Amino acid sequence: MTSRLRKKVLTLPQKAGIYFFKTRTGEVIYIGKARSLRDRVKSYFQQTSDVKTKNILSETWDVDFILTGSTKEAAFLENNFIRTYQPKYNLRLKDDKSFPFLKMTLRKKFPALILTRRVEEDGAKYYGPYSPAQQARQTSHLIAKYFGIRTCEEAVPGKRKRPCLEYDLKLCSAPCVKYISESDYRESVENALLFLDGKTEKLLSILKLKMRESASRKEFEQAAHWRDLIHTIEDIKERPKLISVQMEDIDIFGFARENENIAVYVFMMRRGKVIESEELTVQEKEEVSNTKILSACLWDFYEKRKNIPDKILLPFAPDRKEKLSKMLLKKKQKKVEILTPIRGKNKKLVSLANTNAEILMRKKSEDLSPLEEMRKIIELKTLPVRIEGYDISNTGGDESVGSVVVFENGLPQKNDYRKYKIKSVEGPNDVASIQEVIKRRYTRLLQEKKAFPDLILVDGGKGQLNAAKAVLEELGLSHLPVVSLAKKEEIIFTPSRKNGIRLEKTSSVLKLFQNIRDESHRFALSFHRLRRKKKSFESRLDGIEGIGPKKKAALLIKYKSVEEIKKASIEELAKIVGKKVAQGLVDKLRTE
Ligand code: SF4
C-alpha cells in the first residue's frame with residue numbers, strides 16, 4: 001500500500017456507503033459496500049493470503065466512495081453499480097440475478113400480491129427490490145396474513161367452488177369464492193398499499209380505530225388481530241430510500257459550498273434504480289450566487305447529454321429555470337419536471353445527494369493531490385504522477401542553459417533534476433533551446449531504456465509547445481503528453497485546446513503547474529548565474545602568467561569569487577598556484 005493510498009484511506013468517512021477500487025486509468029475493478037467505509041477499506045490492506053484481494057490491491061491506484069443513509073441502501077446501490085460498471089473482480093454478481101419485487105396487480109378486479117423479478121409498465125404497483133430475497137416473501141406473508149390479500153394468480157372471480165389451502169391457513173380472504181365483497185377487499189388492498197408505501201402513521205390510525213370498534217363490539221379475536229398488526233407495523237424498519245418503485249428516470253442533485261469551493265453531486269436513477277453518479281467540482285468567486293452556479297452546472301450537464309430524465313430533483317431552484325425547462329423539453333420532446341422537494345422521500349433523496357456533495361467538496365479542497373483534477377482538465381489518459389518541467393535561461397543571450405525538474409505526486413524529486421548547457425543554438429532563442437534540451441534528454445532516456453514522464457510542461461506559449469511537440473514526434477514519442485504554461489496570463493496551452501485553458505487563480509492544478517514552472521525557472525537561473533560568474537571569474541584571471549584552466553578551476557573551487565581571492569594572503573594562494581604565480585596574481589588583481 002503506497003503512503004498516498006494509506007493517507008487517502010484514513011480520510012474516508014466512518015459511515016455507510018459503497019466503495020470503488022479504481023486503476024490508474026480510472027477503470028472500476030471492484031465495488032463493495034460497508035457499514036464504515038474507512039474500516040472496511042482499511043481491512044483490505046492488512047496482511048492477507050487471499051489471492052483475489054492481492055490482485056485487486058496490485059491494480060488499485062485510487063479508492064472512491066458514495067455515502068448512503070444505511071447499509072441496506074448500500075447493498076442496493078452496490079448491486080446497481082456492479083451491473084453498470086461490471087467490475088472484473090465482482091464476478092459473483094455479473095450474472096443477472098436481480099433482487100425480487102412485490103407486484104400488486106391493481107388492474108384486476110381483486111388485486112393479488114405477486115412475487116416477481118421483472119418490473120413492467122402494466123398498471124401494477126411494484127415494491128422493492130428486496131434484499132435479501134427472503135424479505136419479499138416475509139412481506140408477502142404479512143400482507144396475506146393481516147390484510148387477507150390473495151397471492152395466487154388465479155382468475156378471480158373464476159370457476160372455483162371452494163377456496164384453496166391459503167384460506168384454511170388464514171392467509172387469504174378467498175375472493176375467488178366471494179367470501180369477501182369487492183368493496184371490503186378493495187379496502188383491504190388500500191390498507192395493504194398504505195403499509196407497502198410506508199405510510200404507517202395513516203395506516204396505524206385506521207387500524208387503531210378498527211381495533212377499538214372490534215373491541216366495542218366484543219369481537220375480541222378480531223381486535224387482537226388488529227393489535228398484532230399494529231405492533232408489527234410499529235416494529236417495521238424504514239424502507240430503503242434509494243430505490244424508487246416508480247418506473248421513472250430521475251436525476252437527484254446535491255449541492256455544497258464553502259466560499260469559492262463548490263461541489264455538485266448527481267445520482268442518476270433509471271427505471272427506479274440508482275445506476276450511476278456523477279461529481280462536479282467548481283470554483284467560483286464568492287459574490288456569485290448559488291442559484292446562478294447551480295443553473296450553470298445544470299445547463300452544462302444536460303446540454304451534452306442525450307439521456308434526459310423524466311424528473312430532476314434539486315436542493316433549491318436555479319436561476320433561469322424556465323430557460324432550462326425549454327432546453328430539456330426540446331431535447332426530450334416531453335416536459336421534464338424540475339422539483340425542489342421540501343418533504344417526503346424525494347427530500348430525503350436530495351438530502352443524501354447534499355451529504356455526498358458536502359463530502360466531495362471537503363475531499364476536493366483537502367485533496368492530497370490535484371493530479372486527478374489535472375488529468376480531467378487536460379484530458380489525459382493516465383494520472384500525471386511524474387511531470388517534467390522545462391525552462392531556458394539565457395539573460396543577455398549569453399551562456400544559455402536549460403533545466404529539467406521532476407515532480408512526482410506533486411512533489412519535487414531533486415535528485416532527478418538535470419541541467420544542460422545549450423550547445424547548438426546561437427544567441428537567445430528559447431524555442432530552439434527547448435528543442436535541444438528535450439531532444440538530448442529523451443534521446444538519452446531512449447538509449448538507457450528509462451521511464452518517461454506522464455506529462456511534460458514547458459515554460460512559454462504556443463511556440464514553445466509546438467516546438468516541444470515537433471521534437472517528440474521526431475523521436476517517435478508523440479504519445480507523450482505535453483503542455484505549456486504562459487507567463488503573466490498564466491494560460492495553459494495543450495495540443496487540443498488551441499486557445500488555452502484559463503484556471504482560477506486559486507485552482508490547485510494551476511498552483512501545481514506554477515510550482516513546477518517556477519522551480520524549473522529557479523533551477524535554470526541558478527545554473528545560468530553560476531555559469532556567468534564562472535565566466536567572469538575566468539576572464540578576470542586571463543593573461544596572468546602561470547594560470548591556465550586547471551589553476552583557474554582550483555581557485556574557483558576554493559574562493560568562489562575574485563573578491564575573495566583579493567582578500568587571501570600570498571601564502572594561502574601559493575598553496576594552490578605556487579609562490580611565483582601567487583605574487584603575479586595578487587599584483588594583477590590589486591591594480592584592477
Ligand atoms: S383462496 Fe382463492 S383467492 Fe385465495 S389464494 Fe386460494 S385460490 Fe386464490
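Residues numbered from 1 in each chain as written. Predicted model: local features only at pLDDT ≥ 70, side-chain atom pairs only at ≥ 80, totals over all residues.

### A short note on the overall build of the protein
Note the cut-off: Per the convention used, a helix needs a DSSP run of H or I reaching at least four residues, while a strand needs a run of E reaching at least two, with both numbered from the N terminus. Neighbour counting defines burial: a residue surrounded by 20 or more other C-beta atoms within 10 Å of its own C-beta is buried, one with 12 or fewer is exposed, and intermediate counts give partly exposed, using backbone-placed C-beta atoms. Note on contacts: residues are paired as contacts if their backbone-placed C-beta atoms lie within 7 Å.
Along its length, the protein carries 20 helices and 19 strands. Expressed as a percentage of the 592 residues in the protein, the buried residues total 32%. Here the contacts in the protein between residues at least 6 apart in sequence split such that 63% fall between residues at least 24 apart.

### Thoughts on the packing of helix α14 (residues 430–448) against helix α15 (residues 462–474)
The line we're drawing: The axes used here are C-alpha line fits, helices contributing only the stretch in contact, and every angle between their N-to-C directions lies in the interval 0 to 180 degrees. Two helices crossing with the near one rotated counterclockwise from the far one by less than a right angle form a left-handed crossing, whereas a clockwise rotation gives a right-handed crossing. Only Asp, Glu, Lys and Arg are considered charged, only Ala, Val, Leu, Ile, Met, Phe, Trp, Tyr, Cys and Pro nonpolar, and every remaining residue, Gly among them, polar.
At a minimum axis distance of 9 Å, the contact between α14 and α15 shows a crossing angle of 35°. The element α14 and its partner α15 pack so that their crossing is right-handed. Facing α14, whose interface residues are D430, V431, I434, Q435, I438 and K439, α15 presents G463, Q464, A467, A468 and V471. Grouping the constituent residues of the contact of α14 with α15 by class yields six nonpolar, three polar and two charged.

### A closer look at the pairing of strand β4 (residues 101–104)
To be explicit about the condition: Two strands are said to pair when DSSP picks up at least two bridges between them.
Of the two faces of β4, the one lined by F101 and K103 and the one lined by L102 and M104 are each fully buried. Bridge count for β4 against strand β5 (residues 113–116) is four bridges, and the pairing is antiparallel. The residue of β5 that forms the bridge with L102 is L115. As defined by bridge partners, β4 adjoins strand β6 (residues 125–127) across three bridges and the pair is classed as antiparallel. Bridge pairing in β6 places L102 opposite Y127.

### A few points about the sheet that holds β5
Ordered by their spatial adjacency, three strands build an open sheet running β5-β4-β6, and the pairing between neighbours is antiparallel. Edge positions in the sheet fall to β5 and β6, since each of these pairs with one other strand and no more. Neighbouring strand axes in the sheet, compared pairwise and without regard to direction, differ in orientation by 30° on average. Sitting on the sheet, helix α5 (residues 134–147) is in contact with β4 and β5, with an inclination near 170° to β5.

### Brief notes about the pairing of strand β1 (residues 17–22)
The buried fraction of β1 amounts to five of the six residues, a majority that puts the element mostly inside the structure. Pairing of β1 with strand β3 (residues 62–67) involves six bridges; the strand directions are antiparallel. Looking at β3, one finds that G17 is bridged to L67. As paired strands, β1 and strand β2 (residues 28–34) are joined by six bridges and run antiparallel to one another. In the strand pairing of β2, I18 is matched with K33. In textbook terms, the turn of a hairpin is the stretch between consecutive antiparallel strands, and for β1 and β2 this stretch comprises five residues, one of which, G26, has a positive phi near 90°.

### Looking at the environment of A223
When you line up the elements, A223 lands in helix α9 (residues 220–235). Exposure remark for A223: the 18 C-beta atoms within 10 Å place this residue in the partly exposed category. The spacing of A223 and R212 is 11 residues in sequence and 7.1 Å in space, taken between C-alpha atoms.

### Describing helix α8 (residues 200–216)
Stated precisely, the cut-off is as follows: By definition here, a helix of n residues has an expected span of 1.5 Å times n minus one. The arc in question is the one traced by the directions running from the helix axis out to the C-beta atoms.
The terminal C-alpha atoms of α8 lie 24 Å apart, and with 17 residues this matches the ideal 24 Å at 1.5 Å per residue to within 8%. For α8, the set of buried residues is L203, L207 and M211. One side of α8 holds all its buried residues, which, seen down the axis, span an arc of 75°. Exposed and oriented more than 90 degrees from the buried face of α8 are E201, K202, S205, L209, R212 and S216. K218, located one to two residues past α8, shows a positive phi value of around 60°.

### Considering the environment of N409
Locating N409 in the fold gives a position in the loop between β13 (401–408) and β14 (411–412). By C-beta crowding, N409 is classed as partly exposed, having 16 other C-beta atoms within 10 Å. Separated by 26 residues in the primary sequence, N409 and L383 have C-alpha atoms spaced 9.4 Å apart.

### Points about the sheet that holds β1
Paired through backbone hydrogen bonds, the strands of a sheet run either parallel or antiparallel to each other. In spatial order, the strands read β2-β1-β3; together these three strands make up an open sheet with antiparallel pairing. Of all the strands in the sheet, just β2 and β3 have a single pairing partner and so form its edges. The average angle at which neighbouring strand axes cross in this sheet is 20°, direction not considered. Here helix α2 (residues 37–44) sits on the sheet and contacts β1, β2 and β3; the angle it forms with β1, its principal contact strand, is near 35°.

### Considering helix α11 (residues 321–332)
Taking 1.5 Å of rise per residue, 12 residues should cover 16 Å, and α11 covers 16 Å from first to last C-alpha, within 8% of that figure. The first or second residue beyond α11 is Q333, which carries a positive phi of 65°.

### Observations concerning the nonpolar core
Condition: Remark: nonpolar core denotes a set of buried Ala, Val, Leu, Ile, Met, Phe, Trp, Tyr and Cys residues whose joining runs through C-beta atoms within 7 Å. For the purposes of this description, domain bounds are those given by an automatic or database domain assignment.
I252, F253, A353 and A357 are the most contacted members of the largest nonpolar core, which totals 47 residues. Composition of this core by domain shows at least three residues from each of domain 1 (2–85) and domain 3 (250–375). A357 has contacts with G254, F255, A256, A263, V264 and Y265, leaving out every residue within four places of it along the chain. Judged by nonpolar contacts, the second largest core, of 40 residues, contains I378, F493, I516 and F523.

### Thoughts on the confidence of the model for the protein
Under the convention used in this document: Per residue, pLDDT captures the predictor's confidence, and it can take any value from 0 to 100.
Taken over all residues, the pLDDT of the protein has a mean of 82, while the share at 70 or more is 88%. Taken together, the stretch residues 92–97 has pLDDT below 50 and engages in three contacts with residues farther than four places along the chain or on a different chain.

### Considering the packing of helix α7 (residues 182–197) against α8
Put simply, the rule reads: The scheme is simple: roughly parallel for angles under 35 degrees, roughly antiparallel for over 145, roughly perpendicular for 65 to 115, oblique for anything else.
Across the interface, α7 lies against α8 with an axial gap of 8 Å and an inter-helix angle of 140°. Our classification of the angle between α7 and α8 gives oblique. Once α7 is placed against α8, the crossing between them reads as left-handed. Along the contact surface, α7 presents N191, L194 and F195, while α8 presents K202, L203 and I206.

### Things to note about unusual backbone geometry
A cis amide bond, omega 0°, links V156 with the succeeding residue P157. Despite not being glycine, E379 has its phi angle at roughly 55°, a positive value. Inspection of the secondary structure assignment puts E379 in the loop between α13 (371–377) and β12 (386–393). For E490, which is not glycine, the phi torsion reads 55° and is therefore positive. Relative to the assigned elements, E490 resides in the loop between β17 (482–485) and β18 (491–494).

### Some thoughts on the environment of Y44
Here Y44 shows up in helix α2. As for Y44 and K54, which are separated by 10 residues in sequence, their C-alpha atoms are 8.7 Å apart. The contacts of Y44, once residues within four sequence positions are left out, are T53 and L57.

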